[in-house]
Amino acid sequence: MNFISINGLETKVSQLIMGSDYFMPEKIDLVSEILEAYIRIGGNTIDTAHIYCGGKSEVAIGLWLKQRGKREDIVILTKGAHHDAAGPRVHAEAIRQDLLESLERLQTDYVDLYALHRDDPNVPVGPIMEALNSHIEAGRIRAIGASNWTHQRIQEANDYAARHGLTGFSFSSPNLSLAKAKEPYWEGCVSADADTCAWHTASGLPLLSWSSQARGFFTGRYRPDDLSDPDTVRVFYSEANWERLRRAEELAAKRGVTAIQIALAYVLNQPFPTAALIGPRNQAEMESCAEATQIRLTPEEIRWLEDVEA
């Protein structure tokens, strides 16, 4: 397993981060089985959020942490301040409310990584950074980041933090995948484009990618005439992405691996620090992800995979 460093954490973060958007206490045996398998491949970081399964994901992880012990060995990334039926809620009170509830569910007094789940561009960055820093100072958060924020807003927030002696964002978590999203999968989501990647290369800020394997687009189960999954069709079906899939299959055949492993390696071999959120449901999928971490792609191969006009 490879690891990246994130400012604010002494522990390094594994390049594969275990997703938990289907975890529930009612399935604690499955949760434990998956997490133990993940630990065996060398992973140490679990991604969750205040809204996942109505909060049950955090509860399940909290139960597992208590059963397992050794809290300090596990990096927890959780997210809050997601919008609700009334609209955006990226403000100090929502951050406080969600964070305290997340800590209670997780049965811990701190989270290693805390990200704002969405942005509200109508809210100035100053009060947001002030609110997050108050929780860092209280010891509830080790490092802060932004999920689904544009790189321009992250830069604005970090500039404010630098001017006011505050801790800035240490990571960003947008979608980054070899298949390029035509539109957001969910409202308010952000996908990393070429400008975003150039900014990460220049700034060195780590990127933790969700939907890093484009929701299975590279498994081979999707084809242009298969319209059975309307969300995948809406977001990822394009002539450019079909060509990227063809190229991934071609390179995979040469390397003796699979196309979805090439797609995961694409995320992990960027010229800036990256990690990929993964969602394996069984041992074979877990091992496939682990094998992908050992694939080295050259800058020329990355450009060939993504730039279908080249």
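Located above this text is the structure these notes cover.
Residues numbered from 1 in each chain as written. Predicted model: local features only at pLDDT ≥ 70, side-chain atom pairs only at ≥ 80, totals over all residues. Heavy atoms only, no water.

1. Details of the overall build of the chain
Basically, it comes down to this: Under the DSSP-based scheme used, a helix requires at least four consecutive residues in state H or I and a strand at least two consecutive residues in state E, with every element numbered from the N terminus. Whether a residue is buried, partly exposed or exposed follows from its accessible area with a 1.4 Å probe, protein chains only, as a fraction of its type maximum: under 20%, in between, or over 50%, in that order. We call two residues contacting when some pair of their heavy atoms lies within 4.5 Å. The Shrake-Rupley method, run with a 1.4 Å probe, gives the accessible areas here. Residue values count only the displayed protein chains as cover. This count recognises Lys and Arg as positive and Asp and Glu as negative, with His and chain-terminal groups excluded. To locate a charge, the coordinates of NZ of Lys, CZ of Arg, CG of Asp or CD of Glu are taken.
The helix and strand tally for the chain stands at eleven helices and ten strands. In terms of overall dimensions, the chain has C-alpha extents of about 50 × 45 × 35 Å along its principal axes. The buried share among the 310 residues of the chain stands at 56%. The long-range share in the chain, meaning contacts at least 24 apart out of those at least 6 apart in sequence, stands at 77%. When the accessible surface of the chain is totalled, it reaches about 13400 Å², and 50% of it is carbon and sulfur. The centroid of the 31 positive side-chain charges in the chain is displaced by 2 Å from the centroid of its 43 negative side-chain charges.

2. Remarks on the nonpolar core
Spelled out, the test is: Joining through side-chain atoms within 4.5 Å is the link that ties buried Ala, Val, Leu, Ile, Met, Phe, Trp, Tyr and Cys residues into a set, and such a set is a nonpolar core.
Ranked by internal contacts, the top residues of the largest apolar core, which has 86 residues, are Phe 169 and Phe 218. Among the elements that take part in this core, helix α9 (residues 259-268) stands out by supplying nine residues, more than any other. If you look at the next biggest cluster of nonpolar residues, it comprises 16 residues, including Leu 9, Val 75, Leu 77 and Ala 143.

3. A few points about the pairing of strand β10 (residues 274-278)
Applied cut-off: For two strands to pair, DSSP has to find at least two bridges joining them.
The buried fraction of β10 amounts to five of the five residues, a majority that puts the element mostly inside the structure. Burial of the side chains of β10 extends over both faces: Thr 274, Ala 276 and Ile 278 are buried on one face and Ala 275 and Leu 277 on the other. Strand direction decides the pairing type here: strand β3 (residues 16-18) and β10, joined by three bridges, are parallel. Its bridge partner lying in β10, Leu 16 is registered against Ala 276. Of the strand pairs in this sheet, strand β9 (residues 207-209) and β10 are connected by three bridges, and their pairing is parallel. Bridge pairing links Leu 207 to Thr 274 in β10.

4. Topic: the packing of helix α8 (residues 239-255) against helix α11 (residues 299-306)
What counts, and what does not: Helix axes are fitted only over the stretch in contact, all axes being lines through C-alpha atoms; the angle between N-to-C directions runs from 0 to 180 degrees. Three categories are distinguished: nonpolar for Ala, Val, Leu, Ile, Met, Phe, Trp, Tyr, Cys and Pro, charged for Asp, Glu, Lys and Arg, and polar for the others, with Gly belonging to the last.
Contact geometry of α8 with α11 gives a least axis separation of 8 Å together with a crossing angle of 145°. Note on element contacts: α11 touches α8 through Glu 301, Trp 304, Leu 305 and Glu 306, opposite Arg 244, Arg 247, Ala 248, Glu 250, Leu 251 and Arg 255. Among the residues forming the contact of α8 with α11, the class breakdown is four nonpolar, no polar and six charged.

5. What about helix α1 (residues 28-40)?
Applicable threshold: Expected span of a helix: the number of residues minus one, times 1.5 Å.
Over its 13 residues, α1 extends 18 Å from the first C-alpha to the last, a length consistent with the 18 Å expected when each residue adds 1.5 Å. Elements that come into contact with the buried residues of α1 comprise β2 (13-14), β3, β4 (45-47), α2 (56-68) and α10 (283-292). A positive backbone phi angle near 105° is found at Gly 42, which sits one or two residues after α1.

6. A word on the environment of Cys 189
If you trace the backbone, Cys 189 turns up in the loop between β8 (171-173) and α6 (194-203). Note: C-alpha distance between Cys 189 and Asn 175 (14 residues apart in sequence) is 7.9 Å. Those residues in contact with Cys 189, other than ones at most four positions away along the chain, are Arg 118, Asn 148, Pro 184 and Trp 210.

7. Overview of the state of the cysteines
Definition in use: For the purposes of this analysis, a disulfide is any pair of cysteine sulfur atoms at a distance within 2.5 Å.
Going through the model one piece at a time under the given rule, you end up with zero disulfides. Distance from the sulfur of Cys 289, which forms no disulfide, to the nearest cysteine sulfur (Cys 53) is 19 Å.

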